[in-house]
Amino acid sequence: MYYNNKRLALSIFWMIAGAVLLVLSVTEVLGEPVYAGMGAALIAVGTLHTVRNLKYRKDEEYRRKIDTETGDERISYIRMKSWSWTGFMMVLIEGTGSVIAGVMGERTIQLLLAYSVCLVLVVYWVSYLILSRKY
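Residues numbered from 1 in each chain as written. Predicted model: local features only at pLDDT ≥ 70, side-chain atom pairs only at ≥ 80, totals over all residues. Heavy atoms only, no water.

**Student:** Mind showing me how you'd approach the overall build of the chain here?
**Tutor:** Helix and strand counts for the chain come out as five helices and zero strands. Across the chain, helices and strands are ordered from the amino to the carboxyl terminus as α-α-α-α-α. Over its C-alpha atoms the chain spans a radius of gyration of 21 Å, topping by over 25% the 14 Å that the globule rule assigns to 135 residues. For the chain, the C-alpha atoms occupy an extent of roughly 55 × 50 × 25 Å along the three principal directions. Within the span of the chain, comprising 135 residues, buried residues form 14% of the whole. (Helix = DSSP H or I, 4+ residues; strand = E, 2+ residues; numbered from the N terminus. Rg over C-alpha atoms; globule rule 2.2 N^0.38 Å. Buried < 20%, exposed > 50% of the residue type's maximum accessible area, 1.4 Å probe, protein only.)

Right, dumping it as structure tokens:
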């Protein structure tokens, strides 16, 4: 079963953690207002996942649809391919942005984008080495 009790418990945990963040932010225990937004987002995500989990348990048609989506090789291939395109485009866009930021004299932004490209390429290289040994 794709949606088991651990997933349901995790969804409930996210709702509780979001409520705690929201209450701590509203009572000004946490000084930054960003925690209220983070708490509300966690509550929303936890609620959506809980509803999805309960719908999976009760609705046979929905269960078949989700099981097909999680087990279908074509969909897995498309997901993997879209991640590879995303990584490639991210490196190109950030590299171009780094050059543009350098021309505009924005040194901090240039370094941030350049370091991000370097990090992505290092992670790619390490994962390539690991996967080349595995397959």
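**Student:** Even after reading the chapter, I still don't get the environment of Glu60, so can you show me in this structure?
**Tutor:** Note that Glu60 resides in helix α3 (residues 60-71). The exposure class assigned to Glu60 is partly exposed, which follows from its relative accessible area of 41%. Within polar-contact distance, the side chain of Glu60 engages the side chain of Arg63 at 2.7 Å. (Polar contact = N/O pair within 3.5 Å; in protein donor to acceptor, adjacent residues only side chain to side chain.)

**Student:** What is the right way to read the pattern of salt bridges from this model?
**Tutor:** Close approach of charged atoms allows side chains of opposite charge to pair. Scanning the entire structure with this criterion turns up two salt bridges. When the shortest N-O distance is used, the salt bridge between Glu60 and Arg63 registers 2.7 Å. Taken together, the residues span about one helical turn, with Glu60 and Arg63 both in helix α3 at a distance of three residues. Taking relative accessible area as the criterion, Arg63 reaches 21% and is therefore assigned partly exposed. (Salt bridge = Lys/Arg side-chain N within 4 Å of Asp/Glu carboxyl O.)

In short, geometric facts, not functional conclusions.
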